[in-house]
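Residue-level listing of the chains:
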Amino acid sequence: TPKSFASLLTAAVGCQSGLSIEGDANAPEGTVAATKAAKAQRRSVSAQRTFDSTVRDKQWRRLLDTVFDEAHGSLTSGGWEARQVLLKLKHRTFEIKQFTKSFAAPTAEAAELRAAFEALVGAHVGDHKDYRLVGCCFAKLSKAPLQETVDPAAATAPRPPKKKPTSARAKSTPRKGKP
């Protein structure tokens, strides 16, 4: 049946739950296809890592960089921009805390997003040994506008000079017989 085929194909391709090949963004509102299409739209991208209490400061710094880089890689590879950066922390007692910083306009700029993530880490993480998980999430996503790609070599290459006419006919001369 078509439903079984779609289910098997989804499992074989490795689509996550909530994503469906049956969703149709152009379907009339309220239909099953429109609902599935709405669920398939990404709301956030994230990465997180667990670690033990023996993590040293340099390892902690690398862990933060890895988590940020993975989340940002997912953001940019999907063509998304985010309006919110979220820091997720899980204490050794399994208590979860989340802290956010929002932007006025969506962005995918690594420097701007990293600065916000680092500010959250600096403000809310005292001793990293109190935690067992750290995560970085970019939320309130929107599709990044398509940017026209310009070949840098073509943009900087000098233009060839205009060719000069070589024949006598190509020169502008008045025609005989017409006033």
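You'll find the structure just up there.
Position numbers for residues count from 1 along each chain, tracking the sequence in the order it is written. Reporting of local features is limited, given that this is a predicted model, to residues whose pLDDT is at least 70; pairs of side-chain atoms are given and counted only at 80 or more, and all residues count toward the totals for whole chains, interfaces and linings. As a rule here, side-chain values cover all heavy atoms of the structure and leave hydrogens and water aside.

(A) Region of interest: the side chain of glutamine 84. Note on placement: glutamine 84 falls in strand E2 (residues 80-91). Residues count as neighbours in contact if any of their non-hydrogen atoms are within 4.5 Å of one another. Setting aside residues no more than four positions away along its own chain, glutamine 84 makes contact with Thr100, Lys101, Ser102, Phe103, Cys137, Phe138, Ala139 and Lys140. Every helix listed is a DSSP run of H or I at least four residues long, and every strand listed is a run of E at least two residues long, numbered separately from the N terminus.

(B) Highlighting the packing of helix H3 (residues 57-77) against helix H4 (residues 110-124). Their axes nearest at 11 Å, the elements H3 and H4 cross at an angle of 140 degrees. In terms of orientation, H3 lies oblique with respect to H4. In this structure, the crossing between H3 and H4 has a hand that is right-handed. Contacts between H3 and H4 pair Arg61, Leu64, Asp65, Phe68, Asp69, His72 and Leu75 from the former with Ala110, Leu113, Arg114, Phe117, Glu118 and Val121 from the latter. All axes here are fitted lines through C-alpha atoms, helices being fitted over the stretch that makes contact, and every angle between N-to-C directions spans 0 to 180 degrees. For classification purposes, an angle smaller than 35 degrees is called roughly parallel, one larger than 145 roughly antiparallel, one from 65 to 115 roughly perpendicular, and anything else oblique. We call a crossing left-handed when the near helix sits turned anticlockwise from the far one by less than a right angle, and right-handed when that turn is clockwise.

(C) Molecular detail of the nonpolar core. We call a set of buried Ala, Val, Leu, Ile, Met, Phe, Trp, Tyr and Cys residues a nonpolar core when their side-chain atoms join them within 4.5 Å. Relative accessibility under 20% of the residue-type maximum defines a buried residue, over 50% an exposed one, and the middle range a partly exposed one, all with a 1.4 Å probe and only protein chains included. Ranked by size, the top nonpolar core spans 28 residues in total, and within it Trp60, Leu75, Val85, Leu87, Phe117, Val134 and Phe138 carry the most contacts. Contributions of two or more residues to this core are made by strand E1 (44-50), H3, E2, H4 and strand E4 (131-143). Considering every element that reaches this core, the biggest residue donor is H3, with 7 residues. Discounting chain neighbours no more than four positions away, the residues touching phenylalanine 138 are Arg43, Ser44, Val45, Phe68, Ala71, His72, Leu75, Ala82, Gln84, Val85 and Leu113.

(D) Geometry of H3. To estimate how far a helix should extend, the number of its residues minus one is multiplied by 1.5 Å. With 21 residues, H3 should cover 30 Å at 1.5 Å per step; its first-to-last C-alpha distance of 30 Å lies within 8% of that length. The inward-facing, buried residues of H3 abut E1, E2, strand E3 (96-107), H4 and E4. With its phi angle positive at about 75 degrees, glycine 79 sits one or two positions after the end of H3.

(E) How the structure looks around H4. When the terminal C-alpha atoms of H4 are compared, their 21 Å separation across 15 residues agrees well with the 21 Å that a helix rising 1.5 Å per residue should span. The secondary structure elements touched by the buried residues of H4 are H3, E2, E3 and E4.

In short, shape yes, function no, at least from these values alone.
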